[in-house]
Amino acid sequence: MGRVYQGGAHRHRTTPRGTLAPVGPRRKHRQSFGLSQGLFVVVGMLGLGIIGVGVWRFTAPVPAAALSSDRPSPPPGPSSGVVDLASPAPDATGVAATTALCPGCDILLITACSLRKDHIGAYGLFPALTPAADELADGGVRFDRAFAASNFTLASLTAVLTGRFGSSSGVTGWDKGLGDGVPTLAEVLGIYGYRTGAFSVDAPSGFRPDYGLHRGFQVMKVIATPRDTPDGRWRGGPIGPGGASAEPVVQWLEDSTRTPQQSLFTMFHTRTAHFPFVIEEDTSDPTGISQGLWEAGRTPVAPPSGGAMPGMAGGTAQQGVVELAGVDPLQTTLQTGGPAAEAMWRQRYQEAVGRMDTDLRRVLDALEAAGRADRTIVVLVGDHGESLNDHGEMLHGDAYYTSVSNVPLLMKVPGLSGGPAVQGALVSHVDIPPTLLELIGATAPADIDGVSMVPLLTGQATAIRSTTLVEGGVAKQNTDVLRGAVITDRWALLRQQRGCGAPPKPGPGGRWEPMDCLFDLNVDMAQEHNVAAAHPDVVQELLGRWSAFRSARQSSARQFDLDPAFVEELQRTGYDLHKDPVEPGPQ
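Here is what the cut-offs are and how they apply
Residues numbered from 1 in each chain as written. Predicted model: local features only at pLDDT ≥ 70, side-chain atom pairs only at ≥ 80, totals over all residues. Heavy atoms only, no water. Helix = DSSP H or I, 4+ residues; strand = E, 2+ residues; numbered from the N terminus. Contact = heavy atoms within 4.5 Å. Areas by Shrake-Rupley, 256 points an atom, 1.4 Å probe, with all protein chains shown as cover. Buried < 20%, exposed > 50% of the residue type's maximum accessible area, 1.4 Å probe, protein only. Pairing = 2+ DSSP bridges. Lys, Arg positive; Asp, Glu negative; His and termini not counted. Salt bridge = Lys/Arg side-chain N within 4 Å of Asp/Glu carboxyl O. Disulfide = S-S within 2.5 Å.

Peer 1: I'd love a proper account of the overall build of the protein chain, names of residues and values included.
Peer 2: What the protein chain contains, in helices and strands, is 13 helices and 18 strands. For the protein chain, long-range pairs separated by at least 24 residues make up 75% of all intrachain contacts whose partners lie at least 6 apart in sequence. As displayed, the protein chain has an accessible area near 20900 Å², and 53% of this comes from carbon and sulfur atoms.

Peer 1: Talk me through the pairing of strand 6 (residues 141-147); I want residue IDs and the actual numbers.
Peer 2: Judged by how many residues are buried, strand 6 sits mostly within the fold: 6 of 7 residues are covered. Here strand 6 runs beside strand 12 (residues 406-412); their pairing, made up of 5 bridges, is antiparallel. Its bridge partner lying in strand 12, Phe143 is registered against Leu409. Both strand 6 and strand 13 (residues 422-428) contribute to a ladder of 5 bridges, which runs parallel. Across the sheet, residue Ala146 finds its bridge partner in strand 13, namely Val427.

Peer 1: Report on unusual backbone geometry, specifying residues and quantitative values.
Peer 2: A cis geometry characterises the amide bond from Phe275 onward to Pro276, with omega recorded as 10°. Looking at the secondary structure, you find Pro276 in the loop between strand 10 (264-270) and helix 6 (289-295). For Ser114, which is not glycine, the phi torsion reads 65° and is therefore positive. The topology assignment puts Ser114 in the loop between strand 5 (106-112) and helix 1 (131-137). Residue class for Ser114 comes out buried when judged on its relative accessible area of 0%. Unlike most non-glycine residues, Phe277 shows phi in positive territory, near 70°. Take Phe277: it is sitting in the loop between strand 10 and helix 6.

Peer 1: Can you explain the side chain of Asp357? Please cite residues and give values.
Peer 2: For Asp357, the position within the fold is in helix 8 (residues 338-369). In this structure Asp357 is buried but unpaired, with Arg361 as the nearest side chain of opposite charge at 5.9 Å. Excluding its chain neighbours within four sequence positions, the residues that come into contact with Asp357 are Leu129, Thr130, Pro131, Ala132 and Ala133.

Peer 1: Could you give me a rundown of the state of the cysteines, with the residues and numbers involved?
Peer 2: Scanning the model with the defined rule gives 2 disulfides in all. Disulfide pairing is shown between Cys102 and Cys105; the S-S distance is 1.8 Å. Handedness of the Cys102-Cys105 disulfide follows from its S-S torsion of about -70°: it is left-handed. Neither residue differs from the other here; Cys102 and Cys105 are each classed as buried. Two residues, Cys500 and Cys517, share a disulfide whose sulfurs are 2.1 Å apart. Residues Cys500 and Cys517 share a disulfide whose torsion about the S-S bond is about -85°; that sign makes it left-handed. Residue Cys500 is located in the loop between strand 16 (491-496) and strand 17 (515-520), and its partner Cys517 is located in strand 17; the two are separated by 17 residues in the primary sequence. A relative accessible area of 0% means that Cys517 is categorised as buried. Take the cysteines of the protein chain that form disulfides and number them in order along the sequence; they join up as 1-2, 3-4.

What follows is the structure, encoded as structure tokens:
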């Protein structure tokens, strides 16, 4: 633990990472197959394969060196520590389409950890909580049905940067990293002449070189956790005015004024809203929640031999797969404290979201000060939400309910007109890369799962996909029984360990095994009434789509043996991987 990565000059090798294909003429209504047609149908043999969540396009390759670079080999497993990497830009061989909506525009991609959609003011529940985020919605586009690609950060960020679902990238758990054959958004933008920078704080997110998500970033800075963040709450010293996580981004944008014509791709991952939410000790809270959050992770709670703690993320040791032994004290405080304890839990989270918005404010102000605001595409998206005791789950990483999977997505594009300001179309994390690339006139990798949202933005289409996936989780995953969700316009099928309600209950035969929960989103957006028994045909149809997609697209990832020190850090921030679960047989 505690590695420091420092950059050096990396020369480019000649092994291609992927194939780029020209974007063909845009059809007015490009939409995936409907429910009855089956989502994952593979058509053709040697050229074109169409899958409901995307289009496989196989055409002429780009120059061999375009998407690859020589670089130091990553360490054998994930670690923690500050990162300061610098790599030279690749040869700018890409030629952007002159007919693009925003050719040469800068891109600012902000991913916010653990951000619930309903806590962004523009979505209505807390109208004054996030004024900076609301500025993006004002004059931009708000997506109401954007879904994360997973329920935890690493897999979601991988999808955002590759345009691939977990099955396609292979990244479905903390023990998996991005394989070398998968191109990233930053790599593609680099060959179109963009200067690329990535910024975050030193905490378990996966946004670091160990997992391969640094690829294509010419600058990556992961700083020590600031005092004004939950991860840095024990550091001591003054808290300051807030927004310290954004400091490297601010400096990056200030430095960019020296090269004003250089197009920028800036990615900032903020963890300021992440568990344990608090940045100050509060012993006056009678519920004990505030003090429990402050102390969370200070003293690891070891389970008795042969058992496993359920974990503060609602059961991250996969509740019921192994016999539970012991109970997390914070979980007990929440469960026994009644409505007052839950209200305090939610209040502390709400305060953390407000501080996250301060991070965003600093970045947007720096963008304006650098003179780049009018030429920058800005995207704010949650990597996943937070349960806050919905359905009995405290945080995230176990279940796939909409409070975790239906994430905020706000997008502001210079000069955009024609489309509605509020989008109700079904979209996914994987749709972000092809959208950004089409907006600037670049070509997306040929075999991604994502579909460009540009037709929605311009009003040329009302839908781009009929189905999306949410895959993987924080516990060890058996590929035969992958947990996740299949989401359509009407249905949400959740295959999850904790059952279909709260409290969790065992599956058929008394065993704890993945249960298939079906919810009709037309009448039950809160997902309180499991209708799987009433619609077995829909359950089988959706499982069939998922299975066919995995059969056609499943890829291998780099497999890690998690270092004990890294596991300990995960535990301190709400995850429990102390004991691998015993997997049930295929379902």
